[in-house]
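The primary structure of each chain is shown beneath.
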Amino acid sequence: MKPIIKSFLFSALILFTTESTIAQNMSVKMTQKNDPKWWKEAVVYQIYTRSFKDSDGDGVGDLKGIISKLDYVKSLGIDAVWLNPIYTSPNDDNGYDISNYREIMKDFGTMEDFDLLLKEMHKRGIKLVMDLVVNHSSDEHEWFKQSRSSRDNKYRDYYHWWPAEKGKPPYRWSFFDVNSDAWKYDGQTNSYYLHYFSQKQPDLNWENPKVRYEVYDMMKFWLDKGIDGFRMDAFQFASKDTTWPELPKGYEKNIIKYYGVGPHLHEYLQEMNREIFSKYDIMTVAEGAGSSPEDAMQFVDPDRKELNMAYHFESVDIGKHLKDFGLVKYKEIFSRYDEAFKDKGWLSIFLANHDQPRMVSKFGNDTTEFREISSKMLSTFVMTMRGTPYYYYGDELGMVNIRFNSIDDYHDVDTRNKYIGLKNKGGDLNGFLEGQKQTSRENGRTPFQWDDTQNAGFTSGKPWLKVNPNYKTINVEAQEKDPNSVLNYFRKLVQLRKKEPTLVYGNYTLLDKENPNVYAYTRELNGKKLLVLLNFTDKNSPYKIGIPVAKSKIILDNYPNTKQLNNSMLRPYEAIVLELKK
Ligand code: GLC
């Protein structure tokens, strides 16, 4: 084929596939309110490369490993993959400390592997969203090496420095520092540098336009390769109030308020949009977006031309287990956000990611008796809410927290540094370790469980993090064979979401608001009304929705062979989706 024709056909194909498929279906009338976009209709699957599949036996997952499993990924029915950072990094924070933004981390492979991965994904109709980690770099990035070398180096202002002759800088809290102090003294130039995360993650100075344009350039590098979007890591912290005011008392109760959404953040996002996003058909999502629905709207209001969507953290940051804060509060949070976004803007829906424990261990019940049924119930929730579902690898199997007993099992800078800090203060280390069994991020980072062979089929070497011993029973191979498995139920849910615009764009209405056990809501679009009933407990639970359901049709139930809805009672962790008929 002549190159010019080939290229025309190729762009036509791209145009076609990036448009909203629902909008193409003329039988569905869309209103301005729910302005259709492909990224609203997409289901995103998150892959933590380090733990997905190792191809070369070094115990670390890699890009070739992902390539070898793309048919599995495709079989889930998902539309896009978000990959945690795969760039060169000394791995102080597992790749969230980047020392070269244009190279692939050696553990994960080469740029050729990346190009092949992208090609193979696109071949299968899967889009690729990359992590963009630019609130900070690694201290081993060339920019920082230069910056710290002398006060008049041309990279000095790429980071935030405080000269020691001015005394100690005004206190700033750090997420990962052993002493929770975000300023680190550096003898080379007798100055302190700022790091909101670990000491090896110095914060970039976004006030400096050179930094911003370096970042835009780097973003172009990846977009021109053909990637389909960015997940903006910790970007809400990028703009700092460089007058460095003292923090008010009690600041630690609302860190985001004092650290997030600095004075120029939205200017930077608008500039980034003008310079980069507006030139590509991609999706962009903010990790964290202030501390209220109003804050979040500022990031994603289409009129402001910043980002496409945001995660809010209110629903995952409210406690160790759903039992601690209660379902009524939980429903209130989701309903409040939905209300604020019902006319414009867009959110993502997620229950887990690489910074969280496993979904079923936190919001469901991971005992042998209820693990499967409660995993299915939670997946039903994620797939039937308004917002783009982000689904974390392993949750489709109902993987659970590993609950390490010893600090030696942990690799995570967050857990380890908090442990050291506490030890230095003579704190309760056993209590801390008990807590980590519920909250540690590594609960959700254990290797993917492919089969019941050694190391769950993840690696032929020694896995970088212990494999959960339950892999003998919880694994892909076993679940493929079982039509009622968590995995096969997840696939059904994805299919349902894909073919049912009501689940994507339909209005959400909460029912039976004060019910402490059941989450009930309707989704409604163009006269079609779906009812979702979810029992979040291990008991039979009554509900009252005040809607006649006699003629309704069951579309999906997580208990097999349900023929009819019990009018007033749900079984333990039952999840039902019905189409209401008059
Ligand atoms: C984000 C990432 C987290 C990382 C932190 C610092 O919260 O999700 O894993 O540790 O940013 O980059």
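Check the entry above for the structure.
Parameters and conventions
Residues numbered from 1 in each chain as written. Predicted model: local features only at pLDDT ≥ 70, side-chain atom pairs only at ≥ 80, totals over all residues. Heavy atoms only, no water. Helix = DSSP H or I, 4+ residues; strand = E, 2+ residues; numbered from the N terminus. Rg over C-alpha atoms; globule rule 2.2 N^0.38 Å. Buried < 20%, exposed > 50% of the residue type's maximum accessible area, 1.4 Å probe, protein only. Near = heavy atom within 4 Å. Polar contact = N/O pair within 3.5 Å; in protein donor to acceptor, adjacent residues only side chain to side chain. Areas by Shrake-Rupley, 256 points an atom, 1.4 Å probe, with all protein chains shown as cover. 1 Å grid on protein atoms, 1.4 Å probe; cavity = no way out; pocket = protein on both sides within 12 Å on 5 of 7 lines; lining within 4 Å. Sits in = over half its atoms within 2 Å of the grid points. Nonpolar A, V, L, I, M, F, W, Y, C, P; charged D, E, K, R; others polar. Pairing = 2+ DSSP bridges.

(A) Representation of the overall build of the chain within the structure. Within the chain one finds 20 helices and 20 strands. Rg of the C-alpha trace for the chain: 24 Å, near the compact-globule value of 25 Å for 582 residues, within the 12% margin. Referenced to the eigenvectors of the C-alpha coordinate spread, the extents of the chain come out at roughly 75 × 70 × 50 Å. By residue count, 60% of the 582 residues in the chain fall in the buried class.

(B) Just the site of the ligand, in detail. In the vicinity of the ligand, 13 residues are found, and the nearest of them are Asp93, Asp233, Glu287, His354 and Asp355. At a separation of 3.0 Å, an oxygen atom of the ligand approaches a polar side-chain atom of Arg231. Here Asp233 contributes a side-chain N or O atom positioned 2.9 Å from an oxygen atom of the ligand. In isolation the ligand offers 310 Å² of accessible surface; the protein chains occlude 95% of this area. The cavity that encloses the ligand is the largest pocket. The class makeup of the residues in the shell around the ligand is 3 nonpolar, 3 polar and 7 charged.

(C) Inspection of the pairing of strand E20 (residues 575–579) at higher detail. Of all 5 residues that make up E20, 5 are buried, and the element is covered over most of its length. Along E20, one buried face is formed by Ala575, Val577 and Glu579 and the opposite face, lined by Ile576 and Leu578, is buried too. Bridge analysis of strand E16 (residues 528–535) against E20 gives 5 bridges, and the strand direction is antiparallel. From the neighbouring strand, Leu531 faces E20, where its bridge partner is Leu578. As defined by bridge partners, strand E18 (residues 553–557) adjoins E20 across 4 bridges and the pair is classed as antiparallel. Residue Lys553 lies in a different strand from E20, and its bridge partner there is Glu579.

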